[in-house]
Amino acid sequence: MADKSRTPMRRKEKKEKKEKETTERSKDVKDVKKEAEQGAPAVGKGAEEGAPNGAAATDQNGEFQVEAMELPPFEIIQGDRIDPFAFKFQFKNVEYSSGRNKTYLCYLVDCGTSDDGLLRGYLEDEHSGSHAEEAFFPQCLPHYDPALKYTVTWYVSSSPCSACATKIAEVLKTRTNVKLSIFSARLFEWEEPEIQNGLKTLHAAGCKLRVMKPLDFSYVWETFVENEDQPLNLWEDCKENYEYYHDKLADIIQ
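Residues numbered from 1 in each chain as written. Predicted model: local features only at pLDDT ≥ 70, side-chain atom pairs only at ≥ 80, totals over all residues. Heavy atoms only, no water.

Visitor: A description of the environment of Phe136 should follow, citing residues and the corresponding values.
Guide: Mapped onto the fold, Phe136 is located in helix H3 (residues 132–140). Looking at Phe136, the relative accessible area reads 0%, which means it is buried. In sequence terms Phe136 and Trp154 are 18 residues apart; their C-alpha atoms lie 10.0 Å from each other. (Helix = DSSP H or I, 4+ residues; strand = E, 2+ residues; numbered from the N terminus. Buried < 20%, exposed > 50% of the residue type's maximum accessible area, 1.4 Å probe, protein only.)

Spelled out as structure tokens, the structure:
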């Protein structure tokens, strides 16, 4: 017989979780607004054209709010450096990631040949279409050579979904000369069994899974962001949130 006494508690927990998520989202938007008011360097589109990559905007009533970026006529955006405000919003390793409805994937590829050097760049997706993770291999390594040894490193705003994890694992099993390491700012829906199974599948296929440390955020800022030579001021709970996700990932793939 079901224990009905637990029902109110579950409702209370869901309500508290939702309230915490709303608070986190509001705080992130205020942080972005504060930086803009302090004269942080604007990169990319002007303020009159809207917020960068879905970060934030001001409505007609003067209220600051998160805005979805208008979809371009293609599903995957590829570039060299990320807008700084988009990075600070999308890569922030908060527990409740409301409003962060896309994935940024920064990549480094070493093909083992001195002539080519390192391939570097980033992919950005809108979750209405292909995901950045599955687009990486056909879009960034279209001329895959089985004779070469590829060392690939990803820094992603959130870990892969279950479908992408399965596809990546299949690629790694087929292309044994590709070694992939994934550093994630956050774990995407890590409580869901199918997500956990996907991460386990990736791990079993030889993919190195890590959570981004504070130093990793600084590295991505220097390497992949249009930072205008400005230093990255890490958010207050960056280290605490890293430890939280690190422990969750360790429990999943142990």
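Read on, since the account is not over.
Visitor: Hey, could you go over the pairing of strand S7 (residues 178–184) for me, with residue numbers and the actual values?
Guide: Counting buried positions along S7 yields six of seven residues, so the element is predominantly enclosed. Both strand S6 (residues 150–156) and S7 contribute to a ladder of seven bridges, which runs parallel. Looking at S7, one finds that Trp154 is bridged to Ile182. As for the winding sense of the linkage, the β-α-β connection from S6 through helix H4 (residues 162–174) to S7 is right-handed. Of the pairings in the sheet, the one linking S7 to strand S8 (residues 208–211) comprises four bridges and is parallel in character. Residue pairing in the sheet places Ile182 in a bridge with Leu209 of S8. Chirality of the crossover, the property in question, places the unit of S7, helix H5 (residues 193–204) and S8 among those that are right-handed. (Pairing = 2+ DSSP bridges. Right-handed = clockwise from strand over helix to strand, strands pointing away.)

Visitor: Tell me what's going on with the pairing of S6, and back it up with residues and numbers.
Guide: For S6, the buried fraction is high: six of the seven residues fall into the buried class. Where strand S4 (residues 104–110) meets S6, six bridges bridge the pair, whose relative direction is antiparallel. Within S6, the position partnered with Val109 by the bridge is Val152.

Visitor: Which residues make up the packing of aromatic side chains, and what values do they have?
Guide: Summed over the entire model, instances satisfying the criterion amount to 15 aromatic pairs. Measuring from centroid to centroid gives 5.1 Å for Phe136 and Phe137, while their planes differ by 85°, and the two rings are edge-to-face. We classify Phe137 as buried; its relative accessible area is 6%. Their ring planes at 75° and their centres at 5.2 Å tell us that Phe217 and Trp235 sit as a pair that is edge-to-face. Pair noted here: Phe217 is in helix H6 (residues 214–224) and Trp235 is in the loop between H6 and helix H7 (238–253), with a separation of 18 residues, a long-range link. Each member of the pair, Phe217 together with Trp235, is buried. Three or more aromatic residues joined by ring pairs form one cluster here, namely Phe87, Phe91, Tyr104, Tyr122 and Trp221. For Arg175, the ring lying beneath its charged end belongs to Tyr144, and the centroid distance is 4.1 Å. (Phe/Tyr/Trp six-rings, centres within 6.5 Å; stacked < 30°, edge-to-face > 60°. Lys NZ or Arg CZ within 6 Å of the ring centre and 35° of its normal.)

Visitor: Before we move on, could you go through H3 and cite the residues and values that matter?
Guide: Of the residues making up H3, those classed as buried are Ala132, Glu133, Ala135, Phe136, Phe137 and Cys140. For H3, the elements touching its buried residues are strand S3 (76–79), S4, strand S5 (118–125), S6, H4 and S7. (Contact = heavy atoms within 4.5 Å.)

Visitor: Tell me about the sheet that holds S3, residues and numbers included.
Guide: Strand pairs in the sheet, formed through backbone hydrogen bonds, run parallel or antiparallel to each other. Taken in spatial order, the six strands line up as S3-S5-S4-S6-S7-S8 in an open sheet, and their pairing is mixed. For this open sheet the edge positions go to S3 and S8, each flanked by a neighbour on one side alone. Direction aside, the axes of adjacent strands within the sheet are offset by 20° on average. Each of S4, S5, S6, S7 and S8 is contacted by H6, which is oriented at about 80° to S4, the strand it contacts most. (Axes fitted to C-alpha atoms, helices over the stretch in contact; angles between N-to-C directions.)

Visitor: Describe the environment of Cys140, naming the residues involved and giving the relevant values.
Guide: Within the secondary structure, Cys140 sits in helix H3. Excluding its chain neighbours within four sequence positions, the residues that come into contact with Cys140 are Gln78, Tyr107, Leu119, Leu123 and Ala135.

Visitor: Give me the side chain of Glu124: which residues, what numbers.
Guide: Note that Glu124 resides in strand S5. There is a polar contact of 3.4 Å between the side chain of Glu124 and the side chain of Tyr104. (Polar contact = N/O pair within 3.5 Å; in protein donor to acceptor, adjacent residues only side chain to side chain.)

Visitor: Which residues make up the packing of H4 against H5, and what values do they have?
Guide: At a closest axis distance of 8 Å, the pairing of H4 and H5 adopts a crossing angle of 15°. In terms of orientation, H4 and H5 fall into the roughly parallel class. For the pair H4 and H5, the crossing hand works out as left-handed. Contact residues: H4 offers Ser162, Ala165, Ile168 and Ala169, while H5 offers Glu194, Ile195, Gly198, Leu199, Thr201 and Leu202. Class assignment for the residues of the contact of H4 with H5 results in six nonpolar, three polar and one charged. (Parallel < 35°, antiparallel > 145°, perpendicular 65-115°, else oblique. Left-handed = near helix turned anticlockwise from the far one by under 90°. Nonpolar A, V, L, I, M, F, W, Y, C, P; charged D, E, K, R; others polar.)

Distances and angles like these do not, on their own, reveal function.
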